[in-house]
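The lines below spell out each chain.
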Amino acid sequence: MAEQSRQDIDAIVVGAGFAGLYMLHKLRGLGLNARVIEAGDGVGGTWFWNRYPGARVDIQSMEYSFSFDPELENEWRWSERYAPQEELLRYANHVADRFDLRRDIQLETRVTAAVWDEQAQRWSVTTDLGDEFSARWVVMATGCLSTPKAIDIAGIEDFAGPIYRTFEWPREGVDFTGQRVGVVGTGSSAIQSIPVIAEQAAQLTVFQRTPNYCAPAWNAPITPEQYSDWDANRDAYRATARGQMVAALFDPTERTAAEFSPAEQEAEFARRWQIGGLPMMSLFADVLTEPDANRVAADLMARKIHSLVDDPATAEKLVPKTYPIATKRLCVDTGYYATFNRPNVDLVDLRATPIERITAEGVRTTAREIPLDALVLATGFDAMTGTLTRIDIRGRGGLALKDKWADGPHTFLGLTIAGFPNLFTITGPGSPSVLTNMMMSIEQHVEWIADCIAWLGERQLATIEASGEAEAEWVAHVAEVAEPTLFPQADSWYMGANVPGKPRVFLPYVGGFPAYVEACNDVVANGYRGFATG
Ligand code: FAD
Ligand code: NAP
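All figures in this text were calculated on a predicted structure; none of them were measured in a lab. (Residues numbered from 1 in each chain as written. Chains lettered and ligands numbered in written order. Predicted model: local features only at pLDDT ≥ 70, side-chain atom pairs only at ≥ 80, totals over all residues. Heavy atoms only, no water.)

A. Structural detail: the overall build of the chain. Helix and strand counts for the chain stand at 15 helices and 20 strands. Its C-alpha radius of gyration of 23 Å places the chain within 12% of the 24 Å reference for a compact globule of 534 residues. The principal-axis extent of the C-alpha atoms belonging to the chain is close to 70 × 60 × 45 Å. By the burial criterion, 55% of the 534 residues in the chain qualify as buried. Partitioning the intrachain contacts of the chain with sequence separation of at least 6 by distance along the chain shows that 71% fall at a separation of at least 24. Carbon and sulfur atoms provide 50% of the accessible area of the chain, an area that totals close to 21,400 Å². (Helix = DSSP H or I, 4+ residues; strand = E, 2+ residues; numbered from the N terminus. Rg over C-alpha atoms; globule rule 2.2 N^0.38 Å. Buried < 20%, exposed > 50% of the residue type's maximum accessible area, 1.4 Å probe, protein only. Contact = heavy atoms within 4.5 Å. Areas by Shrake-Rupley, 256 points an atom, 1.4 Å probe, with all protein chains shown as cover.)

Given below as structure tokens:
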């Protein structure tokens, strides 16, 4: 290894997804010397890694884009209602070029440790290449869904054919023509890729442990009229979106299920089905709080699934039964249910016949052996905390973040952590993040952090740290707002339930984007209440 020397720098940003890119731009705007460290060999984060067939956004592209620069908005045109991964990756690269960001981005480098140096009042950041930085500020722009869950299927190493993970899809693509393919998982990644793989493969077997609810994308090119309307009303649309719980144009209703007659409930469901996408889940105001309302929505969806899938037994397997609707992220699909009408597609219900092990030839369930040429794993992520706890982050007194978070994440606003001065997390646990249009949440966090650093600079203050009391209050509040909802009833990744041994805690803030922004702004308006500065 080449000898590396310690470099002094104002700020280290970890990750070159949308969060890291915008953070670098803002830090530069403050006149700071900042460096982004990124593990991948390109920018784009989620859209750099997840190249599986069918990958695309589930928030409409025009909304899922930066709003901080009108020129950027004017010059970029999305092709489709839900942009595909290649286009999102192009957009990330365009942002990097347009703002001349690349000269401060170090690729193919993984940050392995960040240790607070009490003496110097700085972070000592090290990488897998042996770099060592001394940084005043560290911003973890490491993503909520950036570390795949460890493979927990017996015998996986015995499989003789290729194994593809949706998160690390080969760049050159995969040709499944003539092959017998198995897909394990039925979350959003699987649901987007299954219809595309089914068109190519000779035979596709879907291994489903828990079915998901899917809403149709009705994806289509964006028409010139739609763009004219967006351009003319963009600011108003963006403002309306920011006023919504999910920071997106979701057509929420204030009517509870009981306020609709059964015929109206059906009509409303049919209307939303025709619109498609995530707004399906805003069917009734109380869908996420009232079990009866949730049941009505679930029954409507079950009937829809039966109407789309020819074989009643297969349809029944595709109907979720173990959790309330919308307590796992709704999937936005293109032809998912209809895929099961194809003669070359088979659905294996792993609850009825679990996988015993993977063998050299295929998958052996308790019922039979299914021979396969290739296996696709769409088995999800160690979400929201997994990427952070894999870095050896040590705060005051050498306290390791993974120890501090042993019983679940403790943060103030999902932005800062008591005992870890001058360290920020973008869309960290305890912020609305994954329950919102992430682009809006990323912008809000990046701007909050930049304003905070500027505020400190104006006062010649070198450190800021959340108090233990403010953090404890926020953690309690995050739990308190989740508790009356139906979310905790699902074994979801929101609850950490998909990763064996992970504490069962509702990770994002469910109080909604507007309430959250108000809480962040209130802290600032009160001189960074809840923080100690030095
Ligand atoms: P990421 O894009 O995850 O980027 C984080 C980067 O940090 C990665 O490139 C990673 O390599 C790097 N990194 C992590 N640890 C280290 C380390 N130790 N050292 C160096 N680099 C490191 N959100 C939506 O709102 N709408 C959607 O439609 C949507 N679709 C999604 C589809 C998929 C397949 C996935 C996985 C997520 C999706 N999300 C969606 C969530 C998505 O993650 C966010 O929208 C957004 O892209 C996150 O950007 P980010 O910069 O915060 O994180
Ligand atoms: P996921 O939703 O966690 O789905 C993982 C799937 O794998 C689940 O069906 C899970 O079953 C199954 N699984 C995991 N381990 C298994 C095992 N050992 N044996 C059998 N099955 C197993 O992961 P994801 O699909 O990657 O999506 C994660 C999140 O990323 C989404 O919720 C969404 O926020 C985002 N995303 C968005 C889009 C989009 O539409 N734009 C696309 C992809 C991802 P269980 O449920 O039984 O555990």
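B. Molecular detail of the pairing of strand β9 (residues 203-208). Counting buried residues in β9 gives 5 out of 6 residues, a clear majority hidden from the surface. For strand β8 (residues 180-184) and β9, the ladder comprises 5 bridges, and the chain directions are parallel. Across the sheet, the residue bridging to R180 is Q203, located in β9. At this point the chain moves from β8, through helix α5 (residues 188-200), to the parallel β9, and the crossover so formed is right-handed. Sheet topology places β9 next to strand β12 (residues 345-349); 5 bridges connect them, and they run parallel. Counted as the bridge partner of T205 is D346 from β12. (Pairing = 2+ DSSP bridges. Right-handed = clockwise from strand over helix to strand, strands pointing away.)

C. Fine view of the sheet that holds strand β15 (residues 369-371). Spatial ordering of the open sheet is given by β13-β14-β15, a layout of 3 strands whose pairing is antiparallel. The outermost strands of the open sheet, each flanked by one partner alone, are β13 (355-358) and β15. Adjacent strand axes in the sheet meet at a mean angle of 20°, parallel and antiparallel pairs treated alike. Note: strand β14 (residues 362-365) against β15, 3 bridges, orientation antiparallel. Within the sheet, the bridge partner assigned to V363 lies in β15 and is I370. (Axes fitted to C-alpha atoms, helices over the stretch in contact; angles between N-to-C directions.)

D. A look at the site of ligand 2. Neighbouring residues of ligand 2: 25 residues in total, closest R56, K149, D152, S189 and T210. Between ligand 2 and R209 there is a distance of 2.8 Å, counted from an oxygen atom to a side-chain nitrogen or oxygen. At 3.2 Å, a backbone N or O of A378 approaches an oxygen atom of ligand 2. Starting from 910 Å² of accessible surface for ligand 2 in isolation, the protein chains cover 89%. Looking at the shell around ligand 2, the element that brings in the most residues is α5, giving 3 residues. Within the shell around ligand 2, the residues separate by chemical class into 9 nonpolar, 9 polar and 7 charged. (Near = heavy atom within 4 Å. Polar contact = N/O pair within 3.5 Å; in protein donor to acceptor, adjacent residues only side chain to side chain. Nonpolar A, V, L, I, M, F, W, Y, C, P; charged D, E, K, R; others polar.)

E. Quick look at the side chain of D104. In this structure, D104 sits in the loop between α4 (85-98) and β3 (105-106). Not counting residues within four places of it along the chain, the set of residues in contact with D104 comprises L24, R28, A34, R35 and V36.

F. The arrangement of the site of ligand 1 in detail. E38, T46, D58, Y64 and V111 are the nearest of the 33 residues found near ligand 1. Taking A39, its main chain carries an N or O atom lying 3.1 Å from a nitrogen atom of ligand 1. Here W49 contributes a side-chain N or O atom positioned 3.1 Å from an oxygen atom of ligand 1. Protein burial of ligand 1: of its 980 Å² of free accessible surface, 95% is covered by the chains. For the shell around ligand 1, the secondary-structure elements that each account for two or more residues are α1 (18-29), α2 (46-49) and α13 (438-458). Per-element tally for the shell around ligand 1: the top contributor is α2, with 3 residues. Counted by class, the shell around ligand 1 contains 18 nonpolar, 12 polar and 3 charged residues.

G. Expanded view of the environment of S492. Topologically, S492 is positioned in the loop between α14 (468-482) and α15 (513-525). Along the sequence, S492 and F260 sit 232 residues apart, while their C-alpha atoms lie 29 Å from each other. For S492, the residues in contact, after removing those within four places along its chain, are T327, K328, A497 and N498. Within the structure, the side chain of S492 is placed 3.3 Å from the backbone nitrogen of Y494, a separation counted as a polar contact.

H. Spatial organisation of the packing of α1 against α13. Remark: α1 packs on α13, axes separated minimally by 9 Å, with the N-to-C direction vectors making an angle of 30°. For the element pair α1 / α13, the angle class is roughly parallel. Helix-helix and strand crossings are classified by hand; for α1 and α13 the assignment is right-handed. Across the interface between the two elements, F18, A19, Y22, M23, K26 and L27 of α1 pack against M439, I442, E443, V446, E447, I449, A450 and I453 of α13. Its residues placed into classes, the contact of α1 with α13 shows 11 nonpolar, no polar and 3 charged. (Parallel < 35°, antiparallel > 145°, perpendicular 65-115°, else oblique. Left-handed = near helix turned anticlockwise from the far one by under 90°.)

I. The sheet that holds β12, seen in detail. Strand order in this open sheet of 5 strands is β7-β16-β8-β9-β12, and the pairing throughout is parallel. Edge positions in the sheet fall to β7 (163-165) and β12, since each has one partner strand and no second. Strand-to-strand twist of the sheet, defined as the mean angle between neighbouring strand axes without regard to direction, takes the value 20°.

J. Highlighting unusual backbone geometry. For Q121, which is not glycine, the phi dihedral falls at a positive 55°. Counting through the fold element by element, Q121 comes out in the loop between β4 (111-117) and β5 (122-127). Taking the relative accessible area as the measure of exposure, Q121 reaches 26% and is therefore partly exposed. A positive phi is found at Q460, a non-glycine position, where the angle reads about 55°. Along the chain, Q460 turns up in the loop between α13 and β19 (464-466). Its relative accessible area of 74% is what places Q460 among the exposed residues.

Purely geometric stuff here, so don't read any function into it on its own.
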